[in-house]
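Summary of the model geometry
This is what each chain is made of:
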Amino acid sequence: MSEQKAKAYRRGLITFLFLMVLTIAEYIVAVNFTSSIIMLFIIALIKAALIVQVFMHVSRLWRGESH
Amino acid sequence: MTSYTKPIHDDQHAAEHANHEPPFEVQLQSNRLGLWMFMFSEIFLFGALLVARFYLWGDTRPDLSQEVGLFATVVLLFSSWFVYRGQTSMEFGDRQGFKRNFLLAAAMGTAFLISVVVFEWNVFGLSGELFGVELFGHLTIADGVESGVFFAMTGWHALHVTTGILLLLIMWNKGRRGEFTPDRSWGVEGSGLYWHFVDVVWVFYYPALYLMGTVMS
């Protein structure tokens, strides 16, 4: 049980770190290099997909997992 | 004088009704589907404002404080992470962890609200710098239709953040009173889902408001 919990926590931490890296990257890219709408939109899509998949557990909708 | 005696069939009806209650798993799936449909409908609202931004601003953006925008975004990401941790704690029966993380998430959400309303909107008309960084925004609602889009986008989002914070605090209080168990914690899951949705909206709003295009002259 505690191992599963630690695994879930670790998954959340890795996702959070990914999101932070992508946020800092889009900030640095936009401020220093290019403010390309397409590029920034792609980064935003990746971030949104990570949140929907990991934080929001979208797969529970069709898998019917309990808590 | 007549006296009322409860008909036997009332009790039978209640018992039959109880037997017809859908199982908890079915209710849970219905709740999830309903909330996702609600969030899907919200996409149209936020999406329309995003389209208005591109229609009116095109490849430009107002001169907003980059530091305040980045701070607000980071703080909101932290809050989403804390909500995830709170949900996970509850699912594994760690009530203390749930309470701690939901409170932290609500605090981070409040910090986001302050950074938008007090600093970016500058509702108190303040001015000041910190390490050469200008802390308070200059854009006002009277600056024309361009600023109107900014206040509409951030305003609608801030309204959702406010309701999200209230939901998190209500669930924290219910959790504190022991109303959730690892198996029955839809309130925790639902409020968390709503909070993450608010975060997803900001994931698109942040670059659209602060990063995309060149600064308007």
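Per chain, residue numbering runs from 1 following the sequence as it is written. As they are written, the chains are lettered A onward and the ligands numbered 1 onward, keeping that order. This being a predicted model, a pLDDT of at least 70 is required before a residue's local features are given, and a value of 80 or more before pairs of side-chain atoms are given or counted; all residues contribute to the totals for chains, interfaces and linings. Remark: hydrogens and water are excluded; side-chain values derive from all non-hydrogen atoms of the structure.

1. Overview of the confidence of the model for chain B
Residue and element names in this part refer to chain B.
- Think of pLDDT as the predictor's per-residue confidence, scored from 0 to 100. Put simply, chain B has an average pLDDT of 90, and 91% of its residues get 70 or more.
- Counting from the N terminus, the helices are the DSSP runs of H or I reaching at least four residues and the strands are the DSSP runs of E reaching at least two. Least confident of the elements in chain B is helix H1 (residues 8-20), whose mean pLDDT is 62; most confident is helix H6 (residues 186-211), at 97.
- In the model output, the complex is listed with pTM 0.89 alongside ipTM 0.92.

2. A closer look at the packing of aromatic side chains
- Two aromatic rings from Phe, Tyr or Trp, using only the six-membered ring of Trp, form a pair when their centres are within 6.5 Å; if the ring planes differ by under 30 degrees the pair is stacked, by over 60 it is edge-to-face, and anything between is tilted. Enumeration according to the criterion identifies 18 aromatic pairs over all chains in this entry.
- A network of ring pairs unites the aromatic residues Phe16 of chain A together with Phe78, Trp81 and Phe82 of chain B as a single cluster.
- A cation over a ring is seen here: Arg176 of chain B above Trp172 of chain B, with NZ or CZ 5.5 Å from the ring centre.
- Comment: the charge-over-ring label is applied if NZ (Lys) or CZ (Arg) is within 6 Å of the ring centre and within 35 degrees of the ring normal. Sitting above the plane of the Phe24 of chain B ring, Arg184 of chain B keeps its charged end 4.1 Å from the centroid.

3. Here's the deal with the environment of Asp199 of chain B
- Within the fold, Asp199 of chain B resides in helix H6.
- Accessibility expressed as a relative area gives 2% for Asp199 of chain B, which makes it buried.
- Distance from Asp199 of chain B to His157 of chain B, taken between C-alpha atoms, is 9.4 Å for residues 42 residues apart in sequence.
- Between two residues, a contact is recorded if the distance between any of their heavy atoms is within 4.5 Å. If near-sequence neighbours (up to four positions away) are discounted, Asp199 of chain B is found in contact with Ile51 of chain A together with Leu76, Leu77 and Ser80 of chain B. When accessible area is computed with a 1.4 Å probe and restricted to protein chains, residues below 20% of their type maximum are described as buried, those above 50% as exposed, and intermediate ones as partly exposed.

4. Some remarks on the nonpolar core
- Phe55 and Met56 of chain A together with Phe112, Trp202, Tyr205 and Leu209 of chain B are the most contacted members of the largest nonpolar core, which totals 68 residues.
- Of all the secondary structure elements, the ones that give two or more residues to this core are helix H1 (2-33) and helix H2 (37-55) of chain A together with helix H2 (24-57), helix H3 (66-91), helix H4 (95-120), helix H5 (145-176) and H6 of chain B.
- Examining the composition of this core, we find that 17 residues originate from one element, H6 of chain B, more than from any other.
- Once residues lying within four places of it in the same chain are set aside, the contact partners of Trp202 of chain B are Ala72, Thr73, Leu76, Phe112, Thr154, His157, Pro207, Leu209 and Tyr210 of chain B. What makes a nonpolar core is a set of buried Ala, Val, Leu, Ile, Met, Phe, Trp, Tyr and Cys residues whose side-chain atoms join them at distances within 4.5 Å.

5. What to know about H2 of chain A
- One less than the number of residues in a helix, times 1.5 Å, gives the span that helix is expected to have. Look at H2 of chain A: 26 Å from first C-alpha to last across 19 residues, which is about the 27 Å you get at 1.5 Å a residue.
- Restricting attention to buried positions, one finds in H2 of chain A the residues Leu40, Ile43, Ala44, Lys47, Ala48, Ile51, Val54 and Phe55 of chain A. Each buried residue of H2 of chain A sits inside an arc of 155 degrees when the element is viewed along its axis, so together they form one side.
- In this structure, the buried side of H2 of chain A is in contact with H1 of chain A together with H3 and H6 of chain B. Each C-beta atom gives one direction from the helix axis, and the arc is the one those directions make.

6. Considerations on the interface of chain A and chain B
- With 38 residues of chain A at the interface, the matching set in chain B holds 47 residues.
- Note on definitions: buried area is the accessible-area loss of two parts on being combined, 1.4 Å probe, summed for both. Roughly 3800 Å² of surface becomes buried between chain A and chain B when both sides are summed, with 72% attributable to carbon and sulfur atoms.
- Salt bridges are counted wherever a side-chain nitrogen of Lys or Arg sits within 4 Å of a carboxyl oxygen of Asp or Glu. Counting every contact that joins chain A to chain B gives three salt bridges.
- In this structure, Glu189 of chain B and Arg60 of chain A form a salt bridge, with 4.0 Å as the shortest nitrogen-oxygen distance.
- Contributing elements (two or more residues each) for the side of chain A that touches chain B: H1, H2 and helix H3 (60-63) of chain A.
- Residue polarity is assigned by list, with Asp, Glu, Lys and Arg as charged and Ala, Val, Leu, Ile, Met, Phe, Trp, Tyr, Cys and Pro as nonpolar; anything else, Gly included, falls into the polar class. Its residues assigned to classes, the side of chain A that touches chain B shows 24 nonpolar, eight polar and six charged.

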